[in-house]
Amino acid sequence: MDRDRILLTPGPLTTTLRTKLAMLKDWGSWDADFNAVTAALRSRLLDIVHGHDSHVLVPLQGSGTFSVEAAVATLVPKAGHVLVPDNGAYCKRAAKLTQMMGRKATVMPFAEDAPVAAAAVDERLKADPSITHVVLVHCETGTGVENPLAEIAQVCARHGKGLIVDAMSSFGALPIDARHIRFDALVAASGKCLEGVPGMGFVFIRKAVLEACAGNSQSLAMDLHDQHVYMEKTGQWRFTPPTHVVVALAEAVAQFVEEGGQPARLARYAGNYRTLVDGMGALGFKPFLKPEIQAPIIVTFHAPAHPSYDFKRFYAAAKQRGFILYPGKLTQLETFRVGCIGAIGHNEMQQAVAAVADTLREMGIPDGTPAL
Ligand SMILES: *Cc1c(COP(=O)(O)O)cnc(C)c1O
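Bringing helix α8 (residues 224-234) into the picture now. Turning to α8, its buried residues are L224, H225, Q227, H228 and M231. In a view along the axis of α8, the buried residues occupy a sector of 160°, so they form one face of it. Packing partners of the buried residues in α8 comprise α2 (32-49), β2 (55-61), α3 (64-75), β10 (200-206) and α7 (207-210). Put simply, D223 is the residue that caps the front of α8, since its side-chain oxygen is 3.0 Å from the backbone nitrogen of H225. With its phi angle positive at about 80°, G235 sits one or two positions after the end of α8.

Next up, the structure:
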């Protein structure tokens, strides 16, 4: 079977043919035509958060993590102190990269099956005035839990602390309005809910803090202030841009706008989520999170209790039926994850559930009921 599989993962995602076709052309990185694509894309991305008045948009080569690292390096002075509320794997990654760049990081642990509590962050900021910044993961992709961005932003604003948001897996799907939510930096990437291909990230930086960022970064390639100054001056990226990724993202954003923007994207993903959890529920599977704290982005399911279950075999059998699942990221519990995002809708989700049912039959597992 040489058809593309449907990617039920947190990225890379299934993209449209139109987005793929946009990559069949070569572009000169210095050329005015390509500079125009970059400029228009930056402007369209600012539209999505209503951020033209308050923020600039700085794109960066690399996977999403590169941009998180760049945002911390650029925003946090070397003597800064970062608080990282931690309810999952991506929070831990953010804390680790902060520490590795020589910034002081304090990790504040929360349960993996609950959102970060804004009141506790408030207490912590009150208790430790040396903290300069908070790094918040909006949707913790390790489990799928949605953290309370608006509340945390209010807490940071009240204490006069900088807020850096990893909105990688939520941007474009969950509402984020820079007119109402105060953040110093917000990071997302091409290959997630905007349904582009992977290869670049982008960071919204609050204009009010931009100038003070000069000289913070210990890395040349990761310096978003430098990238911004150069791009404003020349219209070009500082170093070789991922040209095909940029044009694909521009094409993906055009389709995002045609679909109806963020509300339409959220509605489609919420539909995908419903089809998935209803269908999997009928097969006996149980989600790890309570529905009220679950974002319609990626769902963690408990593994079936049946002794014949083995993730590798389960994965291979689902793949043979055209669907790419994702392993779990919890250390204590056996789980697997299924994404609801990408250029897919009700039909694909229904087919995915049918493929899982068929996979269980092949493995001799009567249903997906977990051990609890
Ligand atoms: C995908 C993702 C990232 C970036 O991961 P990369 O593999 O570097 O693209 C960072 N944070 C969150 C919450 C994510 O979902």
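Back to the write-up after that little detour.
All right, on to the sheet that holds strand β3 (residues 81-86) then. Sheet architecture is open: seven strands sit in the order β2-β10-β9-β8-β5-β3-β4, paired in mixed fashion. Both edges of this open sheet fall to β2 and β4 (104-109), since each of them pairs with a single strand only. This sheet shows a mean twist of 20° between the axes of neighbouring strands, independent of strand direction. Looking at chain direction, strand β8 (residues 162-166) and strand β9 (residues 185-189) are connected through three bridges and run parallel. Note on β9: the bridge partner recorded for D166 is V187.

Now for the site of the ligand. Taken together, S63, G64, T65, Y90, R93, V137, C139, T141, D166, M168, S169 and K192 are the residues near the ligand. Separating an oxygen atom of the ligand from a side-chain N or O atom of R93 is a distance of 3.3 Å. One of the side-chain nitrogen or oxygen atoms of T141 is found 2.5 Å away from an oxygen atom of the ligand. Considered on its own, the ligand offers 380 Å² of accessible surface; in the complex 83% of this is hidden by protein. When its residues are assigned to classes, the shell around the ligand shows four nonpolar, five polar and three charged.

Before going further, it helps to spend a moment on the pairing of strand β14 (residues 335-339). A large share of β14 lies buried, amounting to five of its five residues. Covered by surrounding structure in β14 are T335, R337 and G339 together with F336 and V338, the residues of both alternating faces. Inspection of the sheet shows strand β11 (residues 298-302) paired to β14 by five bridges, in the antiparallel sense. Across the sheet, I298 pairs through a bridge with G339, a residue of β14.

The residue after G11, namely P12, is reached through a cis peptide bond having omega -5°. For P12, the location among the structural elements is in the loop between β1 (6-7) and α1 (17-21). Even without being a glycine, H50 presents a positive backbone phi close to 55°. If you trace the backbone, H50 turns up in the loop between α2 and β2. Located in the positive-phi region is E195, a residue other than glycine, with phi close to 65°. With respect to the helices and strands, the residue E195 is situated in the loop between β9 and β10. When its relative accessible area of 7% is taken as the criterion, E195 is described as buried.

What follows deals with the domain arrangement of the protein. Along its sequence, the protein is carved into domain 1 (6-10 + 261-363) and domain 2 (17-258). Each of domain 1 and domain 2 was reduced to a C-alpha centroid, and the two centroids are 27 Å apart. In this assembly, 22 residues from domain 1 lie in contact with 27 residues from domain 2. For the pair domain 1 and domain 2, the summed buried surface comes to about 2,100 Å²; carbon and sulfur atoms form 59% of the total.

Let's shift gears to the packing of helix α10 (residues 261-282) against helix α12 (residues 346-363). In the contact formed by α10 and α12, the axes pass within 9 Å of each other and the chain directions differ by 20°. In this view, α10 runs roughly parallel relative to α12, as classed from their interaxial angle. The handedness of the crossing between α10 and α12 is right-handed. Residue-level contacts link N272, T275, L276, G279 and M280 of α10 to H346, M349, Q350, V353 and V356 of α12.

Further remarks concern the packing of helix α9 (residues 243-259) against α10. With their axes 7 Å apart at the nearest point, α9 and α10 run at an angle of 85° to one another. It follows that α9 is roughly perpendicular to α10 by the angle criterion. Residue-level inspection shows Q255, F256, V257 and E259 of α9 in contact with α10, the latter providing G261, Q262, A264, R265 and R268. The residue makeup of the contact of α9 with α10, split by class, is three nonpolar, three polar and three charged.

As a further point, take a nonpolar patch on the surface. Taken together, the side chains of L17, L21 and L24 define a hydrophobic patch exposed on the protein surface, amounting to about 350 Å² of accessible area. As for its placement among the helices and strands, L21 is situated in helix α1. L21 sits in the partly exposed class, given a relative accessible area of 48%.

Attention now moves to α9. The end-to-end C-alpha separation of α9 is 24 Å, in line with the 24 Å expected for 17 residues at 1.5 Å each. Turning to α9, its buried residues are T243, V245, V246, V247, A248, L249, A252, V253, Q255 and F256. Those residues of α9 that are buried lie in contact with α1, α2, β10 and α10. One or two steps after α9, the chain reaches G260, where phi turns positive at roughly 120°.

Parameters and conventions
- Residues numbered from 1 in each chain as written.
- Predicted model: local features only at pLDDT ≥ 70, side-chain atom pairs only at ≥ 80, totals over all residues.
- Heavy atoms only, no water.
- Buried < 20%, exposed > 50% of the residue type's maximum accessible area, 1.4 Å probe, protein only.
- Helix = DSSP H or I, 4+ residues; strand = E, 2+ residues; numbered from the N terminus.
- Arc of directions from axis to C-beta.
- Contact = heavy atoms within 4.5 Å.
- Polar contact = N/O pair within 3.5 Å; in protein donor to acceptor, adjacent residues only side chain to side chain.
- Pairing = 2+ DSSP bridges.
- Axes fitted to C-alpha atoms, helices over the stretch in contact; angles between N-to-C directions.
- Near = heavy atom within 4 Å.
- Areas by Shrake-Rupley, 256 points an atom, 1.4 Å probe, with all protein chains shown as cover.
- Nonpolar A, V, L, I, M, F, W, Y, C, P; charged D, E, K, R; others polar.
- Domains from an automatic or database assignment.
- Buried area = accessible area lost by both parts, 1.4 Å probe.
- Parallel < 35°, antiparallel > 145°, perpendicular 65-115°, else oblique.
- Left-handed = near helix turned anticlockwise from the far one by under 90°.
- Patch = residues over 30% accessible without salt bridge, like charges linked within 9 Å, V, L, I, M, F, W, Y side chains within 5 Å.
- Salt bridge = Lys/Arg side-chain N within 4 Å of Asp/Glu carboxyl O.
- Expected span 1.5 Å × (residues − 1).

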